Amino acid sequence: MKIAHIASEVYPFSKTGGLADVVSALPLSLKANGLECFVISPLYKNIINNFPLKKSKESIDIQVGTDIYNIQIFQYKKSGVHYIFLSNPYLFERDGLYTSNGKDYSDNCLRFGIFTKAALHFITNSIGTLDIIHCHDWQTALTAPLLKTEFQDIKAKVVFTIHNIAFQGIFDFSELSKLNLDTWLFGFGGFEYYGKANLMKCAIIKSDAVTTVSPTYANEIQTPELGYGLEGVLSEHSYKLQGILNGIDYNVWSPQKDKHIIQKYSQKSTKRGKTINKDYLLNRFNLPKDKPLFGFVSRFTKQKGIDITIDIIKKFHKDINFILLGDGDSSVKQELETLNSLKEAAIQFGYNEPLSRQIYAGSDFYLMPSLFEPCGLSQLIAMKYGAIPIVRKTGGLSDTIVDISSNGYGIIFEDYTTDSFANAIDRALSVYHKGESDQFYRLAMEKDFSWNESSKQYITLYKKLRG
Ligand code: ADP
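Residues numbered from 1 in each chain as written. Predicted model: local features only at pLDDT ≥ 70, side-chain atom pairs only at ≥ 80, totals over all residues. Heavy atoms only, no water.

Participant: For this particular structure, what's the right way to read the overall build of the protein?
Facilitator: A count of helices and strands for the protein gives 18 helices and 20 strands. A compact globule built from 467 residues should have a C-alpha radius of gyration of about 23 Å, and the protein, at 22 Å, falls within 12% of that. Dimensions of the protein along its principal axes, counting C-alpha atoms only, are 65 × 45 × 40 Å. Within the protein, contacts between residues separated by at least 24 positions form 68% of all contacts whose residues are at least 6 apart in sequence. Here the protein displays about 18900 Å² of accessible surface, and carbon together with sulfur accounts for 48% of that area. Counting 52 positive and 49 negative side-chain charges, the protein places the centres of these two groups 6 Å from one another. (Helix = DSSP H or I, 4+ residues; strand = E, 2+ residues; numbered from the N terminus. Rg over C-alpha atoms; globule rule 2.2 N^0.38 Å. Contact = heavy atoms within 4.5 Å. Areas by Shrake-Rupley, 256 points an atom, 1.4 Å probe, with all protein chains shown as cover. Lys, Arg positive; Asp, Glu negative; His and termini not counted. Charge placed at Lys NZ, Arg CZ, Asp CG, Glu CD.)

Below, the structure is given as structure tokens:
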């Protein structure tokens, strides 16, 4: 079977979050199972400096109104997967992938619309027959609508994966109109959404299958609480909706191989390895030596529970060292800045992969108090690095973490409140002070959340669609 993934980010070339990890690991696992895989993504700033890409002679012209955008094509092959990067410096070589200083680029609809069209031109011109086009999130949501209109020659089936329904790609119709799309797509059975154009809504309707990244989230997005306005559309199309749990790539996430951490460790040498990595963080950030270390690596947003985490830091800092890495809007950052004056808190802003890995390796516990969580990869990474996850019972966190009271390896709380989170923290402190941490992080490290199982579920789906 031949599959093309179209996505707006792919690790290690580009990354803002878990989407990049998935688009990296899933094709590798599919390839290991005998499928031929292409991954098509934009060429952002710096990729070309860090990887030996080959420039193709051909290029693609996309007409938008009276303007023509020329797209150059760069190719790279690794571990049997073909990576195709579509380049237009004006559109893609910017400081951020989607935002600058926390604000979305005003032409995101145009940027990713042109990208998706160029990807489909590349498929037509250079790949030929495909079984499946697997596209990810709103940035590539035009795939299925375009296959029903401008690209009817492409006979592949379309799988659309929702990685986070909170980001739907909602724009004024005037923005979408710039892309010269067939106007019959603009109605209620297409993009129309309360007077605006909703790209994800149209993708749900027009794709052959819709997946999301955990079974629990597949149910949750069909409810008014977590459907973000698309629960009706999803319920109507539930016959083609499926939740397939994400995995992580243990070649990328392994304390035994991680070149960014201070001391590598295996399951046998975990205690020593974690002590050295923790001491490094305590020294580097000038944190007191006699307390447990709780880590948090994430976007500083309400989705990730940053507001209740701030409450917890204020409440527990006398007993716990906290280290947080991430980015958020300026009001959250201001509040977090003030916490840096506590001697037990280290709050670091920005995207920093080496530090993120050092935090997973050096933390005793890992905080993930999400308001909602489609799947979550950080808790899986934390487990592999021997940090005990403390999570709220939602989405993929419900599907991956078992509480220590049920012979599990994590601490789960239910209500999105500071009190409920504080109870979980008390339970964690009790585990720590009774000297029971070792038994739980060992259990966590033994769990297997590799892609083996999940990629098989995607293959079953692809085969079913191919007929
Ligand atoms: P998201 O909803 O942001 O995609 P996930 O838990 O699915 O959350 O995946 C987050 C991924 O992004 C993990 O690999 C995590 O280590 C990484 N990550 C998040 N924030 C940062 C950051 N500030 N610096 C480095 N890596 C980060």
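Participant: I would appreciate a short explanation of the nonpolar core in the present structure.
Facilitator: For soluble globular proteins, nonpolar side chains are generally found buried alongside one another. Judged by nonpolar contacts, the single largest core of 171 residues is most densely connected at Phe85, Ile123, Leu176, Phe191, Ile390 and Ile425. The element best represented in this core is helix H4 (residues 108-127), accounting for 11 residues. (Core = buried A, V, L, I, M, F, W, Y, C linked by side-chain atoms within 4.5 Å. Buried < 20%, exposed > 50% of the residue type's maximum accessible area, 1.4 Å probe, protein only.)

Participant: In this structure, what is going on with the site of the ligand? I would like to understand it.
Facilitator: Within the structure, the ligand sits among 22 residues, and Lys15, Gly18, Asp21, Arg299 and Tyr360 are positioned closest to it. Within the contact set of the ligand, an oxygen atom lies 2.8 Å away from a side-chain nitrogen or oxygen of Lys15. Measuring from an oxygen atom of the ligand, one finds a backbone N or O atom of Gly18 at 2.6 Å. When the free accessible area of the ligand is taken as 570 Å², the share hidden by the protein chains comes to 91%. (Near = heavy atom within 4 Å. Polar contact = N/O pair within 3.5 Å; in protein donor to acceptor, adjacent residues only side chain to side chain.)

Participant: Just to check I follow, could you spell out the pairing of strand S8 (residues 132-136) for this structure?
Facilitator: The two faces of a sheet get side chains in turn, since along a regular strand they alternate between them. For S8, a buried count of 5 out of 5 residues is recorded, marking the element as mostly surrounded by other parts of the structure. Here S8 shows two buried faces, one formed by Ile132, His134 and His136 and the other by Ile133 and Cys135. Where strand S1 (residues 2-6) and S8 come together, 4 bridges link them in parallel fashion. Looking at S8, one finds that Ile6 is bridged to Cys135. (Pairing = 2+ DSSP bridges.)

Participant: Teacher, can you tell me more about the pattern of salt bridges here?
Facilitator: For side chains bearing opposite charge, pairing can occur when the charged atoms are close. Enumeration over the complete set of coordinates arrives at 18 salt bridges. For Arg466, the salt bridge identified is with Asp131, shortest N-O distance 3.9 Å. Of the two residues, Arg466 sits in helix H18 (residues 452-466) while Asp131 sits in the loop between H4 and S8, which places them 335 residues apart along the sequence. The salt bridge involving Lys178 is made with Glu175; its shortest N-O contact spans 2.8 Å. For Glu175, a relative accessible area of 16% gives the class buried. Within the structure, one salt-bridge network assembled from shared partners comprises Asp258, Glu353 and Arg357. (Salt bridge = Lys/Arg side-chain N within 4 Å of Asp/Glu carboxyl O.)

Participant: Before we go on, may I ask you to explain helix H7 (residues 199-206) in this structure?
Facilitator: An α-helical turn contains 3.6 residues, so any two residues separated by three or four positions project in the same direction. The buried fraction of H7 is high, at 7 of 8 residues. Of the positions making up H7, those classed as buried are Leu199, Met200, Lys201, Cys202, Ala203, Ile204 and Lys206. Among the residues of H7, the N-terminal cap falls to Asn198, whose side-chain oxygen and the backbone nitrogen of Met200 are separated by 3.1 Å.

Participant: Would you mind showing me how to read the sheet that holds strand S18 (residues 365-368) here?
Facilitator: Sheet strands line up and pair through hydrogen bonds in the backbone, either parallel or antiparallel. Sheet architecture is open: 6 strands sit in the order S17-S16-S15-S18-S19-S20, paired in parallel fashion. The open sheet has two edge strands with one neighbour each: strand S17 (345-349) and strand S20 (411-413). If you compare each strand with its neighbour and ignore which way they point, the axes differ by 15 degrees on average. Alignment of S18 against strand S19 (residues 388-392), held across 4 bridges, turns out to be parallel. Each bridged residue has a counterpart across the sheet, and for Met368 the counterpart in S19 is Val391. (Axes fitted to C-alpha atoms, helices over the stretch in contact; angles between N-to-C directions.)

Participant: I'm lost on the pairing of strand S2 (residues 36-42) in this one. Help?
Facilitator: Across the 7 residues that make up S2, a large majority, 6, are buried. Of the pairings in the sheet, the one linking S1 to S2 comprises 5 bridges and is parallel in character. The partner of Ala4 across the bridge, within S2, is Phe38. At this point the chain moves from S1, through helix H1 (residues 18-32), to the parallel S2, and the crossover so formed is right-handed. Where S2 meets strand S5 (residues 81-87), 5 bridges bridge the pair, whose relative direction is parallel. Bridging from a neighbouring strand, Ile40 pairs with Ile84 of S5. (Right-handed = clockwise from strand over helix to strand, strands pointing away.)

Participant: Got a minute to help me understand the sheet that holds S1 in this structure?
Facilitator: With respect to topology, 9 strands assemble into an open sheet ordered S3-S4-S5-S2-S1-S8-S9-S13-S14, the strand pairing being mixed. Looking at strand neighbours, the two that pair on one side only are strand S3 (54-64) and strand S14 (241-243), the edges of this open sheet. Along the sheet, successive strands turn relative to each other by an average axial angle of 25 degrees, direction set aside. Taken strand by strand, H4 contacts S1, S2, S3, strand S4 (67-78), S5 and S8, and its axis lies near 125 degrees from that of S3. Here H18 sits on the sheet and contacts S1, S8, strand S9 (157-162), strand S13 (209-212) and S14; the angle it forms with S9, its principal contact strand, is near 145 degrees.

Participant: Explain the side chain of Ser14 here, please?
Facilitator: Its place among the elements puts Ser14 in the loop between S1 and H1. The class for Ser14 is buried, based on a relative accessible area of 7%. When sequence neighbours within four positions are dropped, the list of residues in contact with Ser14 reads Ser8, Glu9, Ala20, Tyr44 and Leu97.

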